[in-house]
Amino acid sequence: MTPELETRLRDAGLDPQAVENLVRTALAEDGDTDVTTEPVFAPHDTASGDFTAREDGVVAGIPVAEVVLELLDVTYRARAADGDRVTAGQVLLSAHGPTRALLRAERTALNLLCHLSGIATATRAWTDAMAGTKARVRDTRKTLPGLRALQKYAVRCGGGVNHRMGLHDSALIKDNHVAAAGSITKAYAAIRDVYPSLHVQVECDTLAQVREALAAGATSILLDNMSTADMAEAVRLVDGRAELEASGGLTLDRARDVAVTGVDYLSVGALTHSARVFDIGLDFT
């Protein structure tokens, strides 16, 4: 991988070696021989192609696709940047190299580029729906194994905010923690005893739990599966003493109604676990 591409990946918050390892694993899934391409094209044959958007949306993953191309010795030129709004027919990335290599790169590059652009496009739809409010959309840990860093990167490209990256960087007290510990108060105190400065969020299903979380000292509260009216009451009750995040059963057509209650974040697992792929194709020129 070129130093320039490594730098771009790091600037995007991605580990270049982790991305390269993922790409190598994906390429290896296709095996050593392309029984369609190799009989048709000689090793010295070359071709050019454009990765082109086939619908309107937001692009994410261009540097990742470039890693695929670099590993197969295909040259490229980016024609758009991650986070850009793009339109149908717009060229995102141009490539040139051995025909065999370009055809081997095609599906792996598209799998990653289409998936990540789908997440970015979905995230932008939520961001647009909440425009003019203070609320921002957040992702969750509902990600595909091995793809979390890339999926959360795509959320950022769409204007969203990442929640915790794993179990190591932020505590989230959920219903099972409360059930096993005996109460929100006990669970919160136990974490604070070990990690006095760690960010701790408390999941609350009821307004009574919100009051208990506040009394325990919580400064971040997740409002889980609450009605819009109860969320608005929680905002009034908290009165700025804690950040509030709405979660559970949220849909895009309800996004603005939830946002105007005054919550700080909307938690949407569907950004990563259910995003529709964005339609991009490689067309030889």
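In the block above lies the structure referred to throughout.
Remember, it's a predicted structure, so these values are computed and weren't measured experimentally.

Student: In this structure, what is going on with the sheet that holds strand 3 (residues 75-78)? I would like to understand it.
Tutor: Within the open sheet, the four strands sit side by side as 3-5-1-12. Their pairing is antiparallel. Edge strands, defined here as strands with exactly one partner in the open sheet, are strand 3 and strand 12 (280-284). Shown here is a sheet whose adjacent strand axes are inclined to one another by a mean of 20°, direction ignored. As judged from the five bridges shared by strand 1 (residues 46-53) and strand 12, these two strands associate in the antiparallel manner. Directly across from Thr52, in strand 12, lies its bridge partner Gly281.

Student: Explain the layout of surface pockets here, please?
Tutor: The probe, sized like a water molecule, is rolled over the atoms to show the empty space still left. Here the largest pocket defines a volume of roughly 410 Å³. Around the largest pocket, the lining comprises 22 residues; the ones closest to its centre are Thr140, Lys142, Lys174, Ser247 and Ser267. At the level of secondary structure, the elements contributing two or more residues to the lining of the largest pocket comprise strand 8 (200-204), strand 9 (220-224), strand 10 (243-247) and helix 11 (270-273). Tallied by class, the residues present in the lining of the largest pocket amount to five nonpolar, nine polar and eight charged.

Student: Where do I start with unusual backbone geometry in this structure?
Tutor: Most peptide bonds take the trans configuration, and most residues that are not glycine carry a negative phi. Here Asn225, not a glycine, exhibits a phi torsion of approximately 55°, which is positive. Among the structural elements, Asn225 can be located in the loop between strand 9 and helix 9 (228-238).

Student: Can you help me understand the sheet that holds strand 7 (residues 171-173) in this one?
Tutor: Pairing between the strands of a sheet is mediated by backbone hydrogen bonds and can be parallel or antiparallel. Sheet architecture is open: six strands sit in the order 6-11-10-9-8-7, paired in parallel fashion. Since the sheet does not close on itself, it has two edges, and those belong to strand 6 (136-138) and strand 7, each with one partner. The sheet shows a mean angle of 25° between the axes of neighbouring strands, taken without regard to direction. Examined bridge by bridge, strand 7 and strand 8 share three bridges and lie parallel to one another. Within strand 8, the position partnered with Ala171 by the bridge is Val200.

Calculation rules
Residues numbered from 1 in each chain as written. Predicted model: local features only at pLDDT ≥ 70, side-chain atom pairs only at ≥ 80, totals over all residues. Heavy atoms only, no water. Pairing = 2+ DSSP bridges. Helix = DSSP H or I, 4+ residues; strand = E, 2+ residues; numbered from the N terminus. Axes fitted to C-alpha atoms, helices over the stretch in contact; angles between N-to-C directions. 1 Å grid on protein atoms, 1.4 Å probe; cavity = no way out; pocket = protein on both sides within 12 Å on 5 of 7 lines; lining within 4 Å. Points joined across faces, edges and corners; volume = space filled by probe spheres on them. Nonpolar A, V, L, I, M, F, W, Y, C, P; charged D, E, K, R; others polar.

None of the figures reported here should be taken as evidence of function without further support.
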